[in-house]
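Examination of the molecular architecture
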Amino acid sequence: MKLRLPFHRRMFRQCRQLPYGSVLLLLLLLLPLPATAAPPSPYLVADINQSAGTESAEISRLITLDGVAYFVACDYVHGCELWKSDGTTGGTQLVKDIYPGDRNSAIDGLTVYAGSLYFAATDGVKGSELWRSDGTSKGTKRLRDIQPGPNGSAPFGFVEMNGNLYFHADNGKQGRELWVTNGRTNGTHMVKDVRPGKASSEPRNLVAIGDKLYFIADDGVHGRELWRSNGTAGGTRFVKDIYPGVGRPQARYLTKAGDRLLFSANDGHHGQELWVSDGSTDGTLLLKDIWPGTMSSDPEIFVMHGAGNDTVYFVANDGEHGYELWRSDGTTANTVLVKNIFPDSFPYYDDAPEELIMVNDTLFFKANDGVHGDELWASDGSEGGTRLVKDIYPGPWSSIIDNFTTANGRLYFFSNDEGFYSLWQSDGTEIGTVPFVTAALNSLTFVDQLTTTGDKFFFAGDDRIYSRELWVSSGTDSSTQLLKDINNLGHSSNAWSEFGVDDIVYFTADDGVHGRELWKHTSAGAAMVTEMHPGPDNYFSSTF
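**Thoughts on the overall build of the protein chain**
- Of regular secondary structure, the protein chain possesses two helices and 41 strands.
- Partitioning the contacts of the protein chain with sequence separation of at least 6, the portion at a separation of at least 24 is 51%.

**Some details on the sheet that holds strand 16 (residues 212-218)**
- Taken together, the four strands give an open sheet; going across it, the order is 15-16-17-18, and neighbouring strands pair in antiparallel fashion. Of all the strands in the sheet, the pair left with one neighbour each is strand 15 (204-209) and strand 18 (237-240). In this sheet, neighbouring strand axes are inclined to one another by 35 degrees on average, regardless of whether the strands run parallel or antiparallel.
- Bridge count for strand 15 against strand 16 is four bridges, and the pairing is antiparallel. If you follow Val 207 over to strand 16, its bridge partner there is Tyr 214.

**Here we look at the side chain of His 305**
- Considering the arrangement of structural elements, one finds His 305 in strand 23 (residues 300-306).
- Since its relative accessible area comes to 10%, His 305 is described here as buried.
- Apart from the residues within four sequence positions on either side, His 305 is in contact with Thr 311, Tyr 313, Met 358, Asn 360 and Asp 361.

**Observations concerning the nonpolar core**
- Core analysis: the largest hydrophobic core is formed by 16 residues, its most contacted members being Tyr 70, Leu 82, Ile 107, Leu 117 and Phe 119.
- Of all the secondary structure elements, the ones that give two or more residues to this core are strand 3 (60-65), strand 4 (68-75), strand 5 (79-85) and strand 8 (116-121).
- In terms of residue count, strand 4 provides more of this core than any other element does, four residues in total.
- Counting 15 residues, the second-largest nonpolar core is a separate cluster that includes Tyr 323, Leu 325, Ile 341 and Leu 363.

**Notes on the environment of Arg 248**
- Structurally, Arg 248 is set in the loop between strand 18 and strand 19 (252-257).
- Arg 248 sits 23 residues away from Glu 225 along the chain, and the two C-alpha atoms are 9.0 Å apart.

**Overview of the packing of aromatic side chains**
- Counted by the stated rule, this structure contains eight aromatic pairs.
- Taking 5.6 Å as the distance between ring centres and 55 degrees as the angle between the ring planes, the aromatic pair formed by Phe 404 and Phe 413 counts as tilted.
- Under the relative-accessibility criterion, Phe 404 is labelled buried at 1%.
- Under the relative-accessibility criterion, Phe 413 is labelled buried at 0%.
- Of the aromatic side chains, those joined through ring pairs into one cluster are Tyr 253, Phe 302, Phe 314 and Trp 326.

**What about the pattern of salt bridges?**
- In this structure the tally under the stated criterion is six salt bridges.
- Arg 142 is the salt-bridge partner of Asp 123, the closest N and O atoms lying 2.8 Å from each other. Of this pair, Asp 123 sits in the loop between strand 8 and strand 9 (129-133) while Arg 142 sits in strand 10 (residues 141-144), placing them 19 residues apart in sequence.
- The exposure class assigned to Arg 142 is partly exposed, which follows from its relative accessible area of 28%.
- Lys 366 is paired through a salt bridge with Glu 354; the nearest N and O atoms lie 3.9 Å apart. Within this pair, whereas Lys 366 is found in strand 28 (residues 362-368), its partner Glu 354 is found in strand 27 (residues 354-359), the two being separated by twelve residues in sequence.
- With relative accessibility at 2%, the residue Lys 366 sits in the buried group.

**Describing the sheet that holds strand 24 (residues 309-317)**
- The antiparallel open sheet is built from four strands, whose spatial order is 23-24-25-26. Of all the strands in the sheet, just strand 23 and strand 26 (336-339) have a single pairing partner and so form its edges. For this sheet, the mean inter-axis angle between neighbouring strands, taken without regard to orientation, is 35 degrees.
- In the sheet, strand 24 pairs with strand 25 (residues 323-328) via six bridges, with the strands oriented antiparallel. Looking at strand 25, one finds that Phe 314 is bridged to Trp 326.

**Let's talk about the pairing of strand 7 (residues 108-113)**
- Where strand 7 meets strand 8, four bridges bridge the pair, whose relative direction is antiparallel. Pairing of Thr 111 across the sheet is with Tyr 118, part of strand 8.
- Taking the residues between adjacent antiparallel strands as the criterion, strand 7 and strand 8 are bridged by two residues, where Ala 114 takes a positive phi near 50 degrees.

**Some details on a negative patch on the surface**
- Where like charges cluster on the molecular surface, the negative patch consists of Asp 259, Asp 278, Asp 282 and Asp 310.
- By the secondary structure assignment, Asp 282 is in the loop between strand 21 (272-277) and strand 22 (285-288).

**Some points on unusual backbone geometry**
- Located in the positive-phi region is Ile 301, a residue other than glycine, with phi close to 55 degrees.
- As for its placement among the helices and strands, Ile 301 is situated in strand 23.
- Phi is positive for Glu 355, close to 60 degrees, though the residue is something other than glycine.

**A closer look at the side chain of Ser 379**
- Here Ser 379 shows up in strand 29 (residues 374-379).
- Its relative accessible area of 1% is what places Ser 379 among the buried residues.
- Polar side-chain contacts of Ser 379 include one of 2.9 Å to the backbone nitrogen of Gly 381.
- One polar contact links Ser 379 to Thr 386, side chain to side chain, over a distance of 2.7 Å.
- Residues contacting Ser 379, with those up to four places away along its chain left out, are Leu 325, Val 338, Asp 361, Thr 362, Leu 363, Phe 365, Gly 385 and Thr 386.

**Points about the environment of Glu 225**
- If you trace the backbone, Glu 225 turns up in strand 17 (residues 224-229).
- Since its relative accessible area comes to 2%, Glu 225 is described here as buried.
- Between the C-alpha atoms of Glu 225 and Phe 215, which are ten residues apart in sequence, the distance is 8.3 Å.
- Residue contacts for Glu 225: discarding those within four places in its chain leaves Phe 215, Ile 216, Ala 217, Phe 238, Lys 240, Asp 241, Ile 242 and Tyr 243.

Reading guide: rules and limits
Along each chain, the written sequence defines residue order, and numbers are assigned to residues from 1. Only residues with pLDDT of at least 70 are given local features in this predicted model, and only at 80 or more are side-chain atom pairs given and counted; all residues enter the totals for whole chains, interfaces and linings. Values shown for side chains rest on all heavy atoms present in the structure; no hydrogens or waters enter the calculation. Strands are runs of DSSP state E lasting at least two residues, helices are runs of H or I lasting at least four, and both sets are numbered from the N terminus onward. Working rule for contacts: check all heavy atoms of both residues, and any pair within 4.5 Å makes them a contact. Two strands make a pair as long as DSSP finds a minimum of two bridges between them. Axis lines are fitted through C-alpha atoms, for helices just across the contact stretch, and the angle between N-to-C directions can take any value from 0 to 180 degrees. Residue exposure (1.4 Å probe, protein chains only): buried if accessible area is under 20% of the type maximum, exposed if over 50%, otherwise partly exposed. Remark: nonpolar core denotes a set of buried residues (Ala, Val, Leu, Ile, Met, Phe, Trp, Tyr, Cys) joined through side-chain atoms within 4.5 Å. In this scheme Phe, Tyr and Trp rings, the latter by its six-membered ring, pair at centre separations within 6.5 Å, and the angle between planes marks the pair as stacked below 30 degrees, edge-to-face above 60, and tilted otherwise. The rule for a salt bridge is simple: a side-chain nitrogen of Lys or Arg has to be within 4 Å of a carboxyl oxygen of Asp or Glu. Patch criteria: residues need more than 30% relative accessible area and no salt bridge. Like-charged residues are merged within 9 Å; nonpolar side chains of Val, Leu, Ile, Met, Phe, Trp and Tyr are merged within 5 Å. The accessible surface values rely on the Shrake-Rupley method and a 1.4 Å probe; as for residues, cover is taken only from the protein chains in view. Only four residue types enter the tally: Lys and Arg on the positive side, Asp and Glu on the negative side; His and the chain ends are excluded. Charge positions come from single atoms, namely NZ of Lys, CZ of Arg, CG of Asp or CD of Glu. The term polar contact refers here to a pair of N or O atoms within 3.5 Å; inside protein, the definition further demands a hydrogen-donor-capable atom paired with an acceptor-capable atom, and it admits residues adjacent in sequence only when both atoms are side-chain atoms.

Take a look at the structure:
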């Protein structure tokens, strides 16, 4: 798992890291193919949008269930509706025209639960309500009309706990509150009216830990504070009034740490600090006043170690060392500064560690020690074991590394060397942190958004000849190549948002004829799945 600094803290870095020349996105996926096999040529699976014109299908909100990809796509006949694909043209089809005609059903929150899809949608008569689908038109139905009429309850924030699906919705009478469903109409009901009356408690940040569901809500008396629920009205309780009064700063960054909850909160005396809860009032307490007094340490970017380890890594400012790497196992004694990486860095947010990601038992991240610039670091949780892995761009200049991802026990990331981006891998050692040595990759100027599956890399890149197109690599010179110039009209196909379903890589691309449509790549090759919206104009979003 990885998390990044909030947007306002990344802005400065991103502004100064823009590369020269054209900007393009690289997307990376791995597909299990023989290491010696030359990558097959991509092919368009199908032009989904086959109406007149050049719009593309605006594919978005993609999710998988039982090896089938479900997503929202748009055409001029049905509007934006629920579609599915098994990777073949014939198997790519509209599931149901929920809002009949060319209007959009506004599908949102696609979630897999108990072998079915759950989501919010409107049929044009009822507003946005809870729907369920088994992947067939007949089996795609509104589960319950929570708020009768055209406004809708707008269910969202789906989280599974103990075999039930929890979410928040507004029934029009008691405001937006916590709801639950077991997949049946009579099993879909409000858990509790946390804020009695028409006003909303606005439950947010739902996190399940064992048989407890934690969330932040406002009961109209205590402000936005921590609550817990076991799924019953009687078992849904206010945990603690951390900051007495209404309209006070709310808890945030709710994170599972073993059987307890770690989060950031402000009690009005210690500033925004690290708190812990076992779900009880007495067991919800300030874990550590990292910046003593009324100032805030602002703990954020929580990353769980995982694999049976309760350690959580985060970034905080103790007022002495600036924003540095910390760790906690939920006890005060073991909530400690890992290492003062950049001495005297306070108060510059730009020097805070980011891109935190666990790879096996090692935490990788990007940091600046004031000597080497932003470079790759690793940590085992100890001060001595927190080290600079490699000064990729030697000297005080930053190598501009980002988009960390993991595959096969290694870290993969993008790095910029003198204005050119390249794909790197690391086993945590300096000698094992190297770029993929390929002329093809060296010719690319910008890369982004890595994802992985299997042992093949798929990515979109711009080599200044074919513009932004789909590439493949298994990490060798011979296997790194442009899969196909999808848009061979001298323009970029803008390949975007690849994802893996079993042994299939799906992505969206524009070949200049069909517009942005859904494509796939398998061991047999690549092809457009189906043309939802015929024509070359883009009609769907570039990301899923």
